[in-house]
Number of protein chains: 2
Amino acid sequence: MFKKRENVTEVEEGKYLSPKFDKDGLIPVITMCSKTKEILMHGYMNEESLKKTIETKEVHYWSRSKKSIWHKGKTSGFIQKVDEIRIDDDQDSIWMNVDIGNGASCHVGYKSCFYRSIPLGNIKNVQELEMEFKENKKIFDPKKIYKDEPNPTKL
Amino acid sequence: MFKKRENVTEVEEGKYLSPKFDKDGLIPVITMCSKTKEILMHGYMNEESLKKTIETKEVHYWSRSKKSIWHKGKTSGFIQKVDEIRIDDDQDSIWMNVDIGNGASCHVGYKSCFYRSIPLGNIKNVQELEMEFKENKKIFDPKKIYKDEPNPTKL
């Protein structure tokens with residue numbers, strides 16, 4: 001669909017979009033809240049979902065657990081409106097700025113999926129590396145929103 | 001090495017770090033400039049590089065092109081000093097805040113790898129989707145810094 005990747009200089013210094021999808025047909029996506037600059041989530045897109053996102057200005061990921069196009073917010077109501085999409089030097093990852101109003105992004109109920117921070121410095125016991133919660137209040141109750149839908153988190 | 005992933009609730013709501021590495025043994029990493037909140041790059045870590053990064057507070061990625069631990073900045077001098085590391089709900093991606101001083105992160109010479117933005121809205125010709133450069137001045141000359149090292153960008 002997108003322009004063929006023909007040489008490294010064009011990919012790095014050129015003006016045309018020619019993204020690289022991995023062996024599963026996916027490209028990783030970093031999603032940032034335009035307003036607060038927090039990272040909301042890390043997801044994946046395939047060619048079709050990237051095209052849909054560009055055209056509709058609403059984020060469509062590829063759900064690896066459901067193996068289908070995932071119009072983010074369709075169940076929860078927390079649509080992600082696209083403010084900007086950037087691509088990196090070798091065009092194999094994407095950074096998006098989105099507007100989620102006063103909503104949330106994380107299926108656990110927090111605003112950002114990245115609600116825990118890892119302690120830095122010498123590790124005493126790698127089996128018990130205790131993290132700190134940076135968000136303490138959930139924005140929504142996942143049981144009410146998702147009801148009987150299976151949890152996407154896999155062990 | 002890290003705590004075994006035993007149940008979904010512990011992974012999502014627990015305090016212990018038990019990251020998920022993919023079938024290649026890697027976890028994706030989002031790197032943000034602490035000062036400006038720009039995304040600098042998207043990389044990968046394996047278990048050993050994550051542990052080294054936590055302990056040394058300097059970012060060590062896994063280089064997929066060189067298939068080795070990659071102490072970022074060892075060649076260019078642009079070390080990434082870790083201010084914070086966060087992990088997401090299902091513990092399969094990482095967000096880091098780093099200090100790079102007045103340096104750069106991108107091997108092409110720009111500060112951020114994400115120096116081009118993709119136009120939004122209806123696509124007329126997907127083969128000629130013209131991007132806009134958001135950085136116009138390189139911080140360094142890659143030819144001077146990397147000399148004869150092979151370019152990591154792959155088609």
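Residues numbered from 1 in each chain as written. Chains lettered and ligands numbered in written order. Predicted model: local features only at pLDDT ≥ 70, side-chain atom pairs only at ≥ 80, totals over all residues. Heavy atoms only, no water.

On to the overall build of chain A. Helices and strands together make up the secondary structure of chain A, namely three helices and eight strands. Walking chain A from its N terminus toward its C terminus, one meets helices and strands in the order α-β-β-α-β-β-β-β-β-β-α. Here chain A holds 155 residues, and the buried ones make up 53% of them. Sequence-distant contacts in chain A: of pairs separated by 6 or more residues, those separated by 24 or more amount to 47%. Accessible surface computed for chain A: about 7500 Å², of which carbon and sulfur atoms make up 47%. Charge-centre separation for chain A: the mean point of 28 positive side chains lies 6 Å from the mean point of 25 negative side chains. (Helix = DSSP H or I, 4+ residues; strand = E, 2+ residues; numbered from the N terminus. Buried < 20%, exposed > 50% of the residue type's maximum accessible area, 1.4 Å probe, protein only. Contact = heavy atoms within 4.5 Å. Areas by Shrake-Rupley, 256 points an atom, 1.4 Å probe, with all protein chains shown as cover. Lys, Arg positive; Asp, Glu negative; His and termini not counted. Charge placed at Lys NZ, Arg CZ, Asp CG, Glu CD.)

Reading across the sheet, the six strands line up as β8(A)-β7(A)-β5(B)-β6(B)-β1(B)-β2(B) and stay open at both edges, with mixed pairing between neighbours. At either margin of the open sheet sits one strand with a lone partner, and together these are β8 (132-133) of chain A together with β2 (39-45) of chain B. Here strand β7 (residues 116-118) of chain A runs beside β8(A); their pairing, made up of two bridges, is antiparallel. Opposite A:S117, over in β8(A), you have A:E132 as the bridge partner. (Pairing = 2+ DSSP bridges.)

With that settled, the discussion passes to the environment of B:M96. Residue and element names in this part refer to chain B. Relative to the helices and strands, M96 is located in strand β6 (residues 94-99). When its relative accessible area of 0% is taken as the criterion, M96 is described as buried. For the pair M96 and N7, spaced 89 residues apart in sequence, the C-alpha separation works out to 25 Å.

Bringing the relation of the copies chain A and chain B into the picture now. Turning chain A through 180 degrees and shifting it by 0.0 Å along the axis lays it on chain B, with an RMSD of 0.0 Å. One copy is carried onto the other by what is essentially a two-fold rotation axis. Taking C-alpha positions as reference, the residue of chain A nearest the rotation axis is A:K37, located at 3.2 Å. Both copies present the same face, since 100% of the interface residues in chain A are matched by interface residues at the equivalent positions in chain B. (Least-squares fit on C-alpha atoms with pLDDT ≥ 70 in both.)

Ranked by size, the top nonpolar core spans 70 residues in total, and within it A:I39, A:I54, A:M96, B:I39, B:I54 and B:M96 carry the most contacts. The residues touching B:I54, leaving out its near neighbours within four places in the chain, are A:I118, A:P119, A:L120, A:G121, A:I123, A:L129, B:F2, B:L17 and B:I85. (Core = buried A, V, L, I, M, F, W, Y, C linked by side-chain atoms within 4.5 Å.)

Note: strands within a sheet are paired through backbone hydrogen bonds, in either parallel or antiparallel orientation. A sheet is described by the order of its strands in space; here six strands give the open sequence β2(A)-β1(A)-β6(A)-β5(A)-β7(B)-β8(B), paired in mixed fashion. For this open sheet the edge positions go to β2 (39-45) of chain A together with β8 (132-133) of chain B, each flanked by a neighbour on one side alone. Both strand β5 (residues 81-87) of chain A and strand β7 (residues 116-118) of chain B contribute to a ladder of three bridges, which runs antiparallel. Note that in β7(B) the partner of A:I85 across the bridge is B:I118. Running over the sheet, helix α2 (residues 47-56) of chain A touches β2, β5 and β6 (94-99) of chain A together with β7 of chain B and is turned about 125 degrees from β2(A). (Axes fitted to C-alpha atoms, helices over the stretch in contact; angles between N-to-C directions.)

This part takes up α2(A). For α2(A), the full list of buried residues reads A:S49, A:L50, A:T53 and A:I54. End-on, the buried residues of α2(A) take up no more than an arc of 135 degrees, which puts them together on one face. Where α2(A) is buried, its residues meet β2, β3 (60-63), β4 (68-71), β5 and β6 of chain A together with β7 of chain B. Positive backbone phi, at 60 degrees, marks A:K57, one or two positions downstream of α2(A). (Arc of directions from axis to C-beta.)

What follows covers the pattern of salt bridges. Applying the stated criterion across every chain yields a total of 22 salt bridges over all chains. The shortest N-O distance in the salt bridge between A:K15 and B:E130 comes to 3.7 Å. With A:K15 in the loop between α1 (8-13) and β1 (27-33) and B:E130 in the loop between β7 and β8, this residue pair bridges two chains. Accessibility expressed as a relative area gives 44% for B:E130, which makes it partly exposed. The partner of A:D92 in a salt bridge is B:R64, and the shortest N-O contact between them spans 3.3 Å. Note that A:D92 is positioned in the loop between β5 and β6 and B:R64 in the loop between β3 (60-63) and β4 (68-71), a pairing that runs across two chains. (Salt bridge = Lys/Arg side-chain N within 4 Å of Asp/Glu carboxyl O.)

This next bit is on the confidence of the model for chain A. In this model, chain A carries an average pLDDT of 96, and 100% of its residues clear a pLDDT of 70 or more. ipTM for the predicted complex: 0.96, alongside a pTM of 0.96. (pLDDT = per-residue confidence, 0-100.)

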